[in-house]
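A structural walkthrough
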Amino acid sequence: MKKLTVDFEFRKQVMDYHIGSDLIKYCYQCSRCADNCPITAVTTDFYTTTGYNPRSNILNALLGYKDAIFSADALTIWGCTVCDTCDEVCPQNIELTEIFTLLKNQSVANGDAPDFIYSQAKAIFDSAKAIPTQPAIERRREQLGLPAVAEPDVSEFQTLLKNIGVDKKLK
Ligand code: SF4
Ligand code: SF4
């Protein structure tokens, strides 16, 4: 079994990033987060216990086991859909999704994020929409008597994203 080493800088980043108080940094591994996570439910093989697991992620993050997170497969970081269920059920009020956002941001910064993340980010950058408008959607809205979707100001949106360096990250 590979020996885990503590990355103290990473551990500090996790602690500093978390929006809660000092008292709520301690996960006691009750597994309520994993028991209620929809991604764990659909990805876990109960015979081998492989699959997405927020409980393991939070433990590795809080202990500073950076390699255990970033050397694992993409599901470990990108499996979370940010449904927020784990945040709501954690008895310690740990904001798991805050920490998982840090992990995702570091994965992007390292250039390790899956391709679909970059292509979706580029699509949003190009159109200022998370979901580009489709003719079928427009027709349906018309049939239902709904107003046309207002077109965003792409140039203004791109200026905002450039100010926080998103264009450089996409390159
Ligand atoms: S629900 Fe909270 S305390 Fe329980 S394992 Fe998950 S993060 Fe830890
Ligand atoms: S926010 Fe992520 S980790 Fe938490 S329950 Fe939802 S999918 Fe699972």
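What you see is a predicted model, and the numbers here were worked out from it, not measured in a lab.

About the thresholds
- Residues numbered from 1 in each chain as written.
- Chains lettered and ligands numbered in written order.
- Predicted model: local features only at pLDDT ≥ 70, side-chain atom pairs only at ≥ 80, totals over all residues.
- Heavy atoms only, no water.
- Axes fitted to C-alpha atoms, helices over the stretch in contact; angles between N-to-C directions.
- Helix = DSSP H or I, 4+ residues; strand = E, 2+ residues; numbered from the N terminus.
- Parallel < 35°, antiparallel > 145°, perpendicular 65-115°, else oblique.
- Contact = heavy atoms within 4.5 Å.
- Nonpolar A, V, L, I, M, F, W, Y, C, P; charged D, E, K, R; others polar.
- Phe/Tyr/Trp six-rings, centres within 6.5 Å; stacked < 30°, edge-to-face > 60°.
- Lys NZ or Arg CZ within 6 Å of the ring centre and 35° of its normal.
- Domains from an automatic or database assignment.
- Near = heavy atom within 4 Å.

1. A closer look at the packing of helix α1 (residues 8-17) against helix α4 (residues 54-63)
For the pair α1 and α4, interaxial distance at closest approach is 7 Å and the crossing angle is 115 degrees. One finds that α1 runs roughly perpendicular with respect to α4. In this structure, α1 contributes F10, R11, V14 and M15 to the contact, and α4 contributes N60, A61, L62 and L63. Residue classes in the contact of α1 with α4 are distributed as 6 nonpolar, 1 polar and 1 charged.

2. Some thoughts on the packing of α4 against helix α8 (residues 96-109)
One can describe the packing of α4 onto α8 by two numbers: an axis separation of 11 Å at closest approach and a directional angle of 70 degrees. As summarised for this structure, α4 and α8 are arranged roughly perpendicular, according to the angle between their axes. On α8, the residues that touch P54, N57, I58, A61 and L62 of α4 are L96, I99 and F100. Of the residues contributing to the contact of α4 with α8, the split by class is 7 nonpolar, 1 polar and no charged.

3. Looking at the packing of aromatic side chains
Evaluated as defined, the whole model comprises 1 aromatic pair. Look at F10 and F70: their rings are 6.0 Å apart centre to centre, the planes differ by 85 degrees, and that puts the pair in the edge-to-face class. Highlighted residues: F10 in helix α1 and F70 in helix α5 (residues 66-70), separated in sequence by 60 residues. The positively charged end of K66 is found above the aromatic ring belonging to F70, 5.9 Å away from the centroid.

4. Focus: the domain arrangement of the chain
Under the domain assignment, the chain is made up of domain 1 (8-109) and domain 2 (115-170). Each of domain 1 and domain 2 has a C-alpha centre, and the two are 29 Å apart.

5. Some words on the site of ligand 2
If you check the shell around ligand 2, you find 14 residues, and the closest are C37, C80, C83, D84 and C86. Only α3 (38-43), α7 (85-89) and α8 provide two or more residues apiece to the shell around ligand 2. Tallied by class, residues from the shell around ligand 2 come to 10 nonpolar, 3 polar and 1 charged.

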